[in-house]
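# Secondary and tertiary structure notes
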Amino acid sequence: MLAISGLTKTYDTGTAALRNVSITIDEPQVVAIIGPSGAGKSTLIRCINRLVEPTSGSVELNGEVLTALSNKELRRARRHIGMIFQEYNLVERLTVMENILSGRLGYVSFWRAYRRNYPPADVSAAFRLLERVGLEGYHDTRADSLSGGQRQRVGIARALIQKPELLLVDEPTASLDPKTGRQVMRILVELAHEQNTPTLINIHDVQLAKTFANRVIGMRDGEIVFDGKPKQLTEKVLTSIYGEEDWSTEAADADEDDAPLAKVAKKAKTVKASKK
Amino acid sequence: MSTGTTSPPAHWSRPPLIKATWARHTLTVLVLLYLVWSLNSLEVDWERVAKGLPRAADIFSRMVPPDFSRWELLSRGIIESLEMAFAATIAGMVIAIPLGLCAASNLVPKPVYLIARSIIVVTRTFHEVIVAIFFVKIFGFGPLAGVLTLIVASISFLGKMLAEDIENMSPGQVEAIKATGASFPKMLIYGVVPQILPRYLGVSIYRLDANIRHSTVVGIVGAGGIGQTLSATFSRYDYDFSLAILLAIIALVFIGEFFSSWARGKLR
């Protein structure tokens, strides 16, 4: 389905964001990509639909080599690749309906797009998706008056109305509170499974990755350092991805309000005591 | 944390803008010196001021009371000014759109950007009055020269504002539209236009207000409108009619100002 091989991206500033990354996804699964900030997660998914132009390497989706396409062919290919963003990236001053229908822009003529005259099938698909993401009745609401969670649901609907062969998701929950984040992830993953769409999700939250993904890829400094089942994410693996850290603190002192802080406070007390 | 005995400092002040002390003090001294020098170089000729004062008193006394008897001439001038301002704003708005798009570095290739920016810079270089003199030389006295002057000024102003708004828009919204496979024109109408349209209309209304004011000025060099009428009264020492015209211009600019801020408040 998706075959990434030897993908490398060096930015003009000299930063090597991706070094020889290869990933193969051959079943419609949800793949979480975890790793510290600056590990190259965002660059990786942007190199797939070439919002960022890779320096070398190739990306192949269902037999089409995306990295070899001309601009015009690339636009055609992008119609089949849905993308969901951390900051939602809805067009703020357009209505929810216009935002969702913009997922069909690659299929309608300029004048139809200009006059918002979409084919009936697209319109009913948009209404169906709106209901599916729990925003029934919001079609005429302007995107800038929605809450974060609602915006991300519109973002999901916009990506899914493309009937994508691949979903690229960049930090979908990073701007949301934990509860909304989980709800958004649940809708996203449900829909991905329903439509049999292979999905790549960049995600900061290891717990969410473990809960919702079929497969986890760990990145560090532009390289893949882990690729396996969520179960296999042990403390040792986490350390190899993120670096040294006491991964057990969240489990200890669970009865106190803020476990890690309490631990530090305790340590400080013992230091003071030993000084006297 | 390891050295628990040393207490943290209790004094903190904001780091200065210029870090080197000597540079900071030298700059202060230089600014003071410049102030003294520039005050000295003004060379106010008090004799001429003294001679001018009674003349001013004479002109002002002959201005009062304002003479509104030739109101037909006055209203014809005002209407001509308004027509010039409206025509110039609309023409400017239309022509500024392609110019502004081409002058936005995040939308077009570098050579196009440079050409568009040069057009804006060159047209902005010359003051309306200079452009008006030029057009009067070519097309003769009258409102045609005035309208063309205001069009030139409107294009460069609106084009520059538009280009800067496009450069400051949120790239994320455009990226999302691009990611759906939309072509450049579709990306413009879905990703760019919604982001910049309300402000562009706001700036255009501001420009209409400015054009009303400028239309009174360009008339003085013969480019039509109420300014031309005003300049004629001055050269004929018709000071009471001058005051009537000035009051009318003030009223006009007031109305323009209020309309402009009201209309811009309505846009969101």
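What counts and how
- Residues numbered from 1 in each chain as written.
- Chains lettered and ligands numbered in written order.
- Predicted model: local features only at pLDDT ≥ 70, side-chain atom pairs only at ≥ 80, totals over all residues.
- Helix = DSSP H or I, 4+ residues; strand = E, 2+ residues; numbered from the N terminus.
- Buried ≥ 20, exposed ≤ 12 C-beta atoms within 10 Å, placed from the backbone.
- Contact = placed C-beta atoms within 7 Å.
- Rg over C-alpha atoms; globule rule 2.2 N^0.38 Å.
- Expected span 1.5 Å × (residues − 1).
- Arc of directions from axis to C-beta.
- pLDDT = per-residue confidence, 0-100.
- Pairing = 2+ DSSP bridges.
- Core = buried A, V, L, I, M, F, W, Y, C linked by C-beta atoms within 7 Å.
- Axes fitted to C-alpha atoms, helices over the stretch in contact; angles between N-to-C directions.
- Domains from an automatic or database assignment.
- Nonpolar A, V, L, I, M, F, W, Y, C, P; charged D, E, K, R; others polar.
- Parallel < 35°, antiparallel > 145°, perpendicular 65-115°, else oblique.
- Left-handed = near helix turned anticlockwise from the far one by under 90°.

### Some details on the overall build of chain A
Across its full length, chain A holds 10 helices and 10 strands. Residue burial in chain A is summarised as follows: out of 276 residues, 40% are buried. In chain A, 67% of the contacts between residues at least 6 apart in sequence involve partners at least 24 apart.

### Some thoughts on the overall build of chain B
Summing up its helical and strand segments, chain B has 10 helices and zero strands in all. Along chain B, helices (α) and strands (β) appear in the sequence α-α-α-α-α-α-α-α-α-α when read from the amino end. Relative to the 2.2 N^0.38 estimate, which gives 18 Å for 268 residues, the radius of gyration of chain B is 27 Å and therefore markedly larger than a compact globule would have. With respect to the three principal axes, the spread of C-alpha positions in chain B is 90 × 60 × 35 Å.

### Quick look at helix α5 (residues 128-139) of chain B
Spacing of three or four residues puts side chains on the same side of an α-helix, whose turn is 3.6 residues. All names here are of chain B. The end-to-end C-alpha distance of α5 is 16 Å, a good match for the 16 Å that 12 residues give at a rise of 1.5 Å each. Taken together, the buried positions of α5 are occupied by E128, V131, A132, F135 and V136. The buried side chains of α5 occupy one side of the element, clustering within an arc of 140° when seen end-on. Among the exposed residues of α5, those oriented more than 90 degrees off its buried face are I130, K137 and I138. Looking at the buried positions of α5, the neighbouring elements they touch are α6 (143-167) and α8 (184-218). Phi for G140, located one or two positions after α5, is positive at around 80°.

### Notes on the environment of A:D122
All names here are of chain A. Tracing the chain through its elements places D122 in helix α5 (residues 120-132). With 39 residues separating them along the chain, D122 and I161 place their C-alpha atoms 7.8 Å apart. Ignoring anything within four residues of it in the chain, the contact list for D122 reads L101 and R104.

### A look at the confidence of the model for chain B
Summary statistics for chain B give a mean pLDDT of 90 and a share of 98% for residues scoring 70 or more. Both confidence scores are given for the complex: pTM 0.81, ipTM 0.85.

### Remarks on the pairing of strand β1 (residues 2-10) of chain A
Strand residues, when the strand is regular, have side chains that alternate between the two faces of the sheet. Residues and elements named next belong to chain A. One ladder, built from six bridges, connects β1 with strand β2 (residues 16-25); its direction is antiparallel. If you follow L7 over to β2, its bridge partner there is V21. Where β1 hands over to β2, the hairpin turn is made up of five residues, of which G14 adopts a positive phi near 100°. Note: β1 against strand β4 (residues 56-61), five bridges, orientation antiparallel. If you follow S5 over to β4, its bridge partner there is S58.

### Here's the deal with the nonpolar core
A:A32, A:I100, A:L129, A:A157 and A:L168 are the most contacted members of the largest nonpolar core, which totals 118 residues. The biggest single contributor to this core is α6(B), with 14 residues. Not counting chain neighbours up to four residues away, the residues in contact with A:A32 comprise A:I201, A:I203, A:A209, A:A213 and A:V216. Ranked by size, the runner-up nonpolar core spans 10 residues in total, among them B:L74, B:I226, B:L243 and B:I249.

### Quick look at the sheet that holds strand β10 (residues 223-228) of chain A
Residue and element names in this part refer to chain A. Pairing within the open sheet is mixed, and its six strands lie in the order β6-β7-β8-β3-β9-β10. Two strands lie at the open edges of the sheet, namely β6 (81-84) and β10, each paired on one side alone. Strand-to-strand, the axes of this sheet are offset by a mean angle of 20°, without reference to chain direction. As paired elements, strand β3 (residues 30-34) and strand β9 (residues 215-220) share four bridges and run parallel to each other. Residue pairing for β9: I34 is matched across the bridge by G218.

### Some details on the pairing of β9(A)
The sheet contact formed by β9(A) and β10(A) spans five bridges and is antiparallel. Within β10(A), the residue paired with A:R220 across the bridge is A:E223.

### Quick notes on unusual backbone geometry
Between B:V64 and the following residue, B:P65, the backbone shows a cis peptide bond with an omega angle of -10°. Looking at the secondary structure, you find B:P65 in the loop between α2 (46-63) and α3 (71-102). Although it is not a glycine, A:R50 adopts a positive phi angle of roughly 55°. Within the secondary structure layout, A:R50 lies in the loop between α1 (41-48) and β4. In this model, A:N62 sits at a positive phi of 45°, which is unusual for a non-glycine residue. Looking at the secondary structure, you find A:N62 in the loop between β4 and β5 (64-65).

### Looking at the sheet that holds β1(A)
All names here are of chain A. The four strands are arranged β2-β1-β4-β5 in an open sheet whose pairing can be described as antiparallel. Here the strands that pair on one side only, and so sit at the sheet edges, are β2 and β5. Together, β1, β2 and β4 form the strand contacts of α1, whose direction differs from that of β2 by roughly 60°.

### Let's talk about the domain arrangement of chain A
Parsing chain A into structural domains produces domain 1 (2-245) and domain 2 (252-276). Centre-to-centre separation of domain 1 of chain A and domain 2 of chain A, based on C-alpha positions: 41 Å.

### A short note on the interface of chain B and chain A
Counting from both sides, the interface comprises 20 residues of chain B and, opposite them, 26 residues of chain A. The set of elements that each furnish at least two residues to the side of chain B that touches chain A consists of α7 (171-179) and α8 of chain B. Tallied by class, residues from the side of chain B that touches chain A come to nine nonpolar, eight polar and three charged.

### Re the confidence of the model for chain A
Parts of the prediction with low pLDDT should not have their coordinates interpreted in detail. In the predicted model, chain A carries a mean pLDDT of 89, and the fraction of residues at 70 or more is 90%. The low-confidence segment residues 252-257 of chain A, where pLDDT is below 50, has six contacts with residues more than four positions distant or belonging to other chains.

### Here we look at the packing of helix α6 (residues 148-160) of chain A against helix α7 (residues 178-194) of chain A
All names here are of chain A. Two numbers describe how α6 lies on α7: the axes approach to 10 Å, and their chain directions differ by 15°. By the angle class used here, α6 and α7 are roughly parallel. Every pair of crossing elements has a handedness; the one defined by α6 and α7 is right-handed. Mapping the contact onto sequence places G148, G149, Q152, R153, I156 and L160 in α6 and T180, Q183, V184, I187, L188 and L191 in α7. Of the residues contributing to the contact of α6 with α7, the split by class is six nonpolar, five polar and one charged.

### Observations regarding the environment of B:A91
Along the chain, the position of B:A91 falls in helix α3. With 64 residues separating them along the chain, B:A91 and B:I155 place their C-alpha atoms 8.1 Å apart.

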